[in-house]
Amino acid sequence: MSNAPGYLYLPGFNINTEQNLYYERHDAVRAYARANALDRIVVRSTRDRIGIVAAGKTFTDVRQALRELGYDDHALNAAGIRLLKIGLLCPMDPEIVREFAHGLSDIIVVEEKRDFLERQIGRVVCDLGTPVRIVGKFDERGKPLFPIQGAMDFDFIADTLWGVLAQRVAPPEAARHRARRLETIAKRTSVASLRRSLNFCSGCPHNIGVRLAEGQVAWGSPGCHIFAALSPEPTRRIEAVTQFGGEGLPWIGLAPFTSRKHIVQNVGDGGLFHSAYFNIRAAVSAGVSITFKILYNGAIANTGGQASVSARTIPEIAQLLATDRIVRIAVITKDRRTYRSVDLPSNTIVREPGDMEAVLKEFEAVNGVTVVIYDGQCANERRRQQKRGKLPTPTQFTIVQRMCARIAARAARSPIACRCKR
Ligand code: SF4
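Residues numbered from 1 in each chain as written. Predicted model: local features only at pLDDT ≥ 70, side-chain atom pairs only at ≥ 80, totals over all residues. Heavy atoms only, no water.

### Side note on the side chain of Asn297
Going by this rule: Numbering of helices and strands runs from the N terminus; a helix is a DSSP stretch of H or I covering at least four residues, while a strand is a stretch of E covering at least two. Should any heavy atoms of two residues lie within 4.5 Å, those residues are counted as being in contact.
Following the sequence through the fold, Asn297 ends up in the loop between β9 (290-296) and α11 (314-323). With near-sequence residues (within four places) excluded, Asn297 lies in contact with Pro205, His206, Asp269, Gly376, Gln377 and Cys378.

See below:
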């Protein structure tokens, strides 16, 4: 512990806080959970042999899955199945687990992601002195059961529970019927295989904003522009993704160890105002060559269009960037007239979307940090504002239509002329 002047040294303070947290506060939380019945044994009988545990939304899915399998409360009692709904995940109350596990031979833990509940339950059950088999992430033979990755819906839970329960209790007729129905569906060969691929909304500025010049490599970060990671077009694709707030930072570490001299880092304006602005300054200090492409759509679009806290206008950002020794700045806009009488730094150019590739190629040759600001409003947010009367309603529409050959042939024979452009 440092004794340097100005350093606040409180002997034992942290240790006391830790002790207070894990003994007194955790005990108080568990007592609160008990007093308010946050954890509840929802279904039970005296003959139960099997217990199912889940928390939160997963518990609701488990209930729905069991109903689908024909297990209402009466059938659960008849089959000897007990249900525990956990409301307090951590610190878990060992008392409710002991009460729940009493008399059971098997516990099935249903939870998404890691085995957070399963490990805590296992530790309590271990001390009971009676053998209780716990399955969750893996079954009793060590085969994966409820996955660590992704999410689970009630269909998946129903299938998996059916597999586990069928080995332990005689399943009701509804469960057999459902299994037969699913088998029939699986055997169908004519199931439509049409899939809608992931893409930006119609009119989204990122359609152009994420474009690259040939041979360039772009990285992304959380935000709608991350869809570019799945783009089949190399001139739009992002190759790697940082965490929110980490935009560009890995390049500072990587740049000295690779033959590549430059990358493009996409940054949403939400990310920029949250924290990524400091990454631009860090890149300047590190002396790396990078182009930060700020996709300025005016909203935190992929979480519902909230406004960015501490947002600045594009001219204000350009002024700040120039103060922070950014070598070149480009503002790309559909309407250059809006920037005609705007005060921009001397190293800033204003270009149109069609110039994106040329600007990026030019900036790639620059030694140091450059910034492209793509000025394009989120199309979803624009539609919202139009509906609320905050923006004028559009008066011109373009209809893009593609007909199947059979309908097109019929239309061609029709005496009514179609005026749309095909
Ligand atoms: S929500 Fe807005 S920014 Fe996101 S994909 Fe749609 S139009 Fe683009």
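What follows picks up the thread again.
### Quick look at a nonpolar patch on the surface
Short version of the rule: Patches in this entry comprise residues that are over 30% relatively accessible and not in a salt bridge; like charges within 9 Å are linked, as are nonpolar side chains (Val, Leu, Ile, Met, Phe, Trp, Tyr) within 5 Å. Accessible areas in this description were obtained via Shrake-Rupley with a 1.4 Å probe; residue shielding takes into account the shown protein chains only. Note on definitions: salt bridges are taken to be side-chain nitrogens of Lys or Arg within 4 Å of carboxyl oxygens of Asp or Glu. Buried, partly exposed and exposed residues are distinguished by accessible area as a fraction of the type maximum, computed with a 1.4 Å probe on protein chains only: under 20%, between the cut-offs, and over 50%, respectively.
A surface patch of nonpolar side chains, amounting to about 340 Å² of accessible area, comprises Leu21, Tyr22 and Tyr23. Note on placement: Tyr23 falls in helix α1 (residues 13-35). The class of Tyr23 is exposed, set by a relative accessible area of 56%.

### Considerations on the layout of surface pockets
For the record, the criterion: Here a cavity denotes grid points, spaced 1 Å and computed from the protein atoms alone, that fit a 1.4 Å probe unable to get out, and a pocket denotes an open set having protein on both sides within 12 Å along at least 5 of 7 lines; residues with an atom within 4 Å of a point are the lining. Grid points are joined across faces, edges and corners, and a volume is the space filled by probe spheres set on the points. Only Asp, Glu, Lys and Arg are considered charged, only Ala, Val, Leu, Ile, Met, Phe, Trp, Tyr, Cys and Pro nonpolar, and every remaining residue, Gly among them, polar.
In this structure, the largest pocket encloses a volume near 310 Å³. As for the largest pocket, its lining consists of 13 residues, and the residues nearest its centre are Pro205, Lys334, Gly376, Gln377 and Arg382. In this model, the second largest pocket occupies a volume close to 240 Å³. For the second largest pocket, the lining is made up of 13 residues, of which Arg30, Met92, Gln120, Arg123 and Val124 are closest to its centre. Among the secondary structure elements, those contributing two or more residues to the lining of the second largest pocket are α4 (94-101) and α5 (116-126). Tallying contributions element by element places α5 first for the lining of the second largest pocket, with five residues. Grouping the amino acids of the lining of the second largest pocket by side-chain chemistry returns six nonpolar, one polar and six charged.

### Structural notes on the pattern of salt bridges
Evaluated as defined, the whole model comprises 22 salt bridges. As a salt-bridge pair, Arg176 and Glu173 come within 3.5 Å of each other at their nearest N and O atoms. Of this pair, Arg176 and Glu173 both sit in helix α7 (residues 173-187), three residues apart, which is roughly one turn of that helix. The shortest N-O distance in the salt bridge between Asp324 and Arg281 comes to 3.5 Å. With a gap of 43 residues between them, Asp324 in the loop between α11 and β10 (328-333) and Arg281 in helix α10 (residues 269-286) connect regions that are remote in the sequence. The partly exposed category is assigned to Arg281, whose relative accessible area is 39%. One salt-bridge network, held together by shared partners, links Asp106, Arg133, Glu140 and Arg168.

### Quick look at α5
The line we're drawing: The arc in question is formed by the directions pointing from the helix axis toward the C-beta atoms.
Among the residues making up α5, those that are buried are Leu117, Glu118, Gln120, Ile121, Val124 and Val125. Buried residues in α5, looked at end-on, bunch into an arc of 170°, giving them a common side. Structural note: α5 exposes Arg123 and Cys126 on the side pointing more than 90 degrees away from its buried face. Buried residues belonging to α5 abut β2 (50-55), β3 (81-86), α4, β4 (106-109) and β5 (133-135).

### A look at the pairing of β3
For clarity, the cut-off: What makes two strands pair is DSSP finding at least two bridges between them.
Burial runs high along β3: five of the six residues are buried. One ladder, built from three bridges, connects strand β1 (residues 40-43) with β3; its direction is antiparallel. What sits directly across from Ile41, in β3, is Leu84. Strand direction decides the pairing type here: β2 and β3, joined by six bridges, are parallel. Its bridge partner being in β3, Gly51 is matched across the sheet by Arg82.

### Some thoughts on unusual backbone geometry
Here the residue pair Cys90 and Pro91 is connected by a cis peptide bond, since its omega of 0° sits within 30 degrees of zero. Of note in this structure, Lys113 is not a glycine but carries a positive phi near 60°. For Lys113, the location among the structural elements is in the loop between β4 and α5. The phi angle at Ser310 is positive, at roughly 65°, despite the residue not being glycine. The topology assignment puts Ser310 in the loop between β9 and α11. A residue is classified by how much of its surface remains accessible, and Ser310, at 47% relative accessible area, is partly exposed.

So yeah, pure geometry; function would need other evidence.
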